[in-house]
Amino acid sequence: MVTTVENRLLTDVAPGTAMHRLWKSYWLPCIRTQKLVAGGRPERIRLLGENYVAFRTHDGRIGFFDEQCPHRRASLTLARNEDCALRCIFHGWKFDVSGAVVETPNDRRPGFREQVKLRHFPTREAGGMVWVYLGEGIAPRFPDLVFNTLPDAQVWARAAVVPCNWLQGLEGTLDPAHVAILHQNITRSAQSLATLNLMPEAEPRFETEIRPYGMSVAALRDLAGGERYVRVTEYVAPGISLIPYGADEPQQCIMTIPIDSGHTLQWNVFFHYQRPLTAAEREIMLLGTGPDDDDIYQPSDKPYWGQDREAMADNNFSGLAGVIIEDFVIAESMGVVVDRENEQLCAADLSVVRLRRFLKAGLDSLAAGGQAPGQESDIDFAAIRSTAGVFAAGQDWRGIASAPQATAAE
Ligand code: FES
Ligand SMILES: [Fe+2]
């Protein structure tokens, strides 16, 4: 059982909390690359309960600062984007992408502007997203996950804002037991081997393995004829889940990033290891979501999250519009922060329990002066791959999980 105090420790990312500090130890994907237009408007970005501003200069570089101007704290989202710098429209103080204060027109005393401090943060662009490091000191190694290294045409990153705490979204991505139930409309109609056996009747067994980068979560189903259907979700700390598909299929990575304790930025990153995504595949991936890649989830203003009871009477299990929306609605339906003290867990919740334990151990490590989990220098992020396929029953899934190009049987 998770007590109310433990739940707060695990979920609250407000400044000053232990979880805020843990999250600040990582590079975080925060906005689509295309959303920052060269010479265009500065964008507000809220992460871990704090507001920032990001902009792209006319020559394509990115600046990332605290939102409030260091002078008298006007919002820099109102600033002018000029001459490769942001100029606050209140008194005209001007900041370049390096965080240097290059003009203070209302106080031209020699040496004054050099004393002004502006908090600014390093960024990287990869996978169609801008990533930022908000922590102290030197940034950790960038997570060069496989989709961060592929050509643009092979990756499609879409963002959603879900109005609930990040941990219930993340737990959903590491809960393989729900896939064959909640998402059965899609799994029942799936044509591919990787999803074909995901029937509610085929009762899976769950196992987990702690990894240097996070955790592997296996759902194992014994098939007739001495074979085993294996699905392994890979968790990369603190909020990344690689969802299992066959090695030749489009892949999906879900990244769960806290905006604040009651709002979550959830990324759906679709990618293919070998080739560009096709128009037909992109069509399938829309799955009831909105067309705006910067925010694919518009919570329903209808009662009961817009659930369609007529569709349910007509063979639609959930009455919700597709896999992604099903996950968002379920997470949101638990309340802003789920009351974990009143859960009644079962054996199939093994991975959720292990995830909580993993995060708690990460907090303990930081508190003891150690490093956040998943930051060892020898982690080969690009080699972390989810796995879905049929293997010999005697084969240890730990050996096949995360092997580069793990091959599903045809
Ligand atoms: S508040 Fe920004 S320059 Fe004065
Ligand atoms: Fe799901």
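Residues numbered from 1 in each chain as written. Chains lettered and ligands numbered in written order. Predicted model: local features only at pLDDT ≥ 70, side-chain atom pairs only at ≥ 80, totals over all residues. Heavy atoms only, no water.

(A) A look at the overall build of the chain. From N to C terminus, the chain includes 12 helices and 18 strands. Rg of the C-alpha trace for the chain: 23 Å, near the compact-globule value of 22 Å for 410 residues, within the 12% margin. Referenced to the eigenvectors of the C-alpha coordinate spread, the extents of the chain come out at roughly 85 × 45 × 40 Å. Counting all 410 residues of the chain, 53% fall into the buried class. Contacts in the chain between residues far apart in sequence, at least 24 positions, make up 61% of those at least 6 positions apart. As presented, the chain carries roughly 18200 Å² of accessible surface, and 53% of it is formed by carbon and sulfur atoms. Taking the 40 positively charged and 52 negatively charged side chains of the chain as two groups, their mean positions are separated by 7 Å. (Helix = DSSP H or I, 4+ residues; strand = E, 2+ residues; numbered from the N terminus. Rg over C-alpha atoms; globule rule 2.2 N^0.38 Å. Buried < 20%, exposed > 50% of the residue type's maximum accessible area, 1.4 Å probe, protein only. Contact = heavy atoms within 4.5 Å. Areas by Shrake-Rupley, 256 points an atom, 1.4 Å probe, with all protein chains shown as cover. Lys, Arg positive; Asp, Glu negative; His and termini not counted. Charge placed at Lys NZ, Arg CZ, Asp CG, Glu CD.)

(B) The pattern of salt bridges, seen in detail. Scanning all chains against the criterion turns up 30 salt bridges. The closest approach of N and O atoms between R80 and E82, which form a salt bridge, is 2.9 Å. Classification of E82 by relative accessible area gives buried; the value is 15%. A salt bridge links E82 to R87; the nearest nitrogen and oxygen atoms lie 2.5 Å apart. Judged by its relative accessible area of 16%, R87 is buried. What you see here is one network of salt bridges that share partners, running through R205, E207, E209, D222, R228, D396 and R398. (Salt bridge = Lys/Arg side-chain N within 4 Å of Asp/Glu carboxyl O.)

(C) Representation of the coordination of the iron ion (ligand 2). Listed as protein donors to the iron ion (ligand 2) are H178 (NE2), H183 (NE2), D327 (OD) and D327 (OD); their distances from the metal cover 2.1 to 2.4 Å. Because the angles between the 4 donor atoms bound to the iron ion (ligand 2) fall within 58 to 154 degrees, the donor set is best described as irregular. Assessed through its relative accessible area of 24%, D327 is described here as partly exposed. (Donors = N, O, S within 2.8 Å, 3.2 Å for Na, K, Ca; no water. Tetrahedral: all angles 85-135°; square planar, octahedral: opposite > 155°, others 65-115°.)

(D) Structural detail: the sheet that holds strand β6 (residues 85–87). The 4 strands are arranged β5-β6-β7-β8 in an open sheet whose pairing can be described as antiparallel. Edge positions in the open sheet fall to β5 (80–82) and β8 (101–103), since each of these has one partner strand only. Averaged over all pairs of adjacent strands, the angle between strand axes in this sheet comes to 35 degrees, irrespective of strand direction. Where β5 lies against β6, 3 bridges are found, and the strand directions are antiparallel. (Pairing = 2+ DSSP bridges. Axes fitted to C-alpha atoms, helices over the stretch in contact; angles between N-to-C directions.)

(E) Structural context of the nonpolar core. Among the nonpolar cores identified, the biggest contains 65 residues, and F147, V269 and F271 are the most heavily contacted of them. Among the domains, domain 1 (33–133) and domain 2 (146–400) are the pair contributing at least three residues each to this core. Residues contacting F271, with those up to four places away along its chain left out, are V146, F147, L150, Q154, V155, L242, P250, Q251, Q252, C253 and L277. Residues L76, L86, W93 and V97 belong to the second largest nonpolar core, which totals 16 residues. (Core = buried A, V, L, I, M, F, W, Y, C linked by side-chain atoms within 4.5 Å. Domains from an automatic or database assignment.)

(F) Structural context of the packing of aromatic side chains. Under the counting rule described, the total for this entry stands at 15 aromatic pairs. The interplanar angle of 55 degrees and the centroid separation of 5.6 Å between the aromatic rings of F55 and F65 together place this pair among those described as tilted. Taken together, the residues span a long stretch of sequence, with F55 in strand β3 (residues 50–56) and F65 in strand β4 (residues 62–66) at a distance of 10 residues. Taking 6.3 Å as the distance between ring centres and 45 degrees as the angle between the ring planes, the aromatic pair formed by W156 and F270 counts as tilted. Separated by 114 residues along the polypeptide, W156 in strand β11 (residues 155–162) and F270 in strand β17 (residues 263–271) bring together distant segments of the chain. The exposure class assigned to W156 is buried, which follows from its relative accessible area of 11%. On the accessibility criterion, F270 (5% relative accessible area) is buried. One aromatic cluster in this structure is built from W27, W131, Y133 and F142. Above the plane of the ring of W156 lies R282, whose end atom (NZ or CZ) is 4.9 Å from the centre. A cation over a ring is seen here: R385 above Y273, with NZ or CZ 4.4 Å from the ring centre. (Phe/Tyr/Trp six-rings, centres within 6.5 Å; stacked < 30°, edge-to-face > 60°. Lys NZ or Arg CZ within 6 Å of the ring centre and 35° of its normal.)

(G) Structural view of the packing of helix α4 (residues 166–173) against helix α11 (residues 350–367). Interaxial distance between α4 and α11 falls to 9 Å at its minimum, and their mutual angle equals 130 degrees. Overall, the two elements α4 and α11 adopt an arrangement that is oblique. The way α4 lies across α11 gives a crossing that is right-handed. Each of W166, L167, L170 and E171 in α4 lies in contact with α11, whose residues at this interface are V352, L355, R356 and L359. Of the residues in the contact of α4 with α11, the class split is 6 nonpolar, no polar and 2 charged. (Parallel < 35°, antiparallel > 145°, perpendicular 65-115°, else oblique. Left-handed = near helix turned anticlockwise from the far one by under 90°. Nonpolar A, V, L, I, M, F, W, Y, C, P; charged D, E, K, R; others polar.)

(H) Geometry of the pairing of strand β9 (residues 123–126). The pairing of β9 with strand β10 (residues 129–133) spans 4 bridges and is antiparallel. When the bridges of β10 are listed, A126 appears paired with M129. Remark: 2 residues form the turn of the hairpin made by β9 and β10, two consecutive strands paired antiparallel; G127 in that turn has positive phi of roughly 65 degrees.

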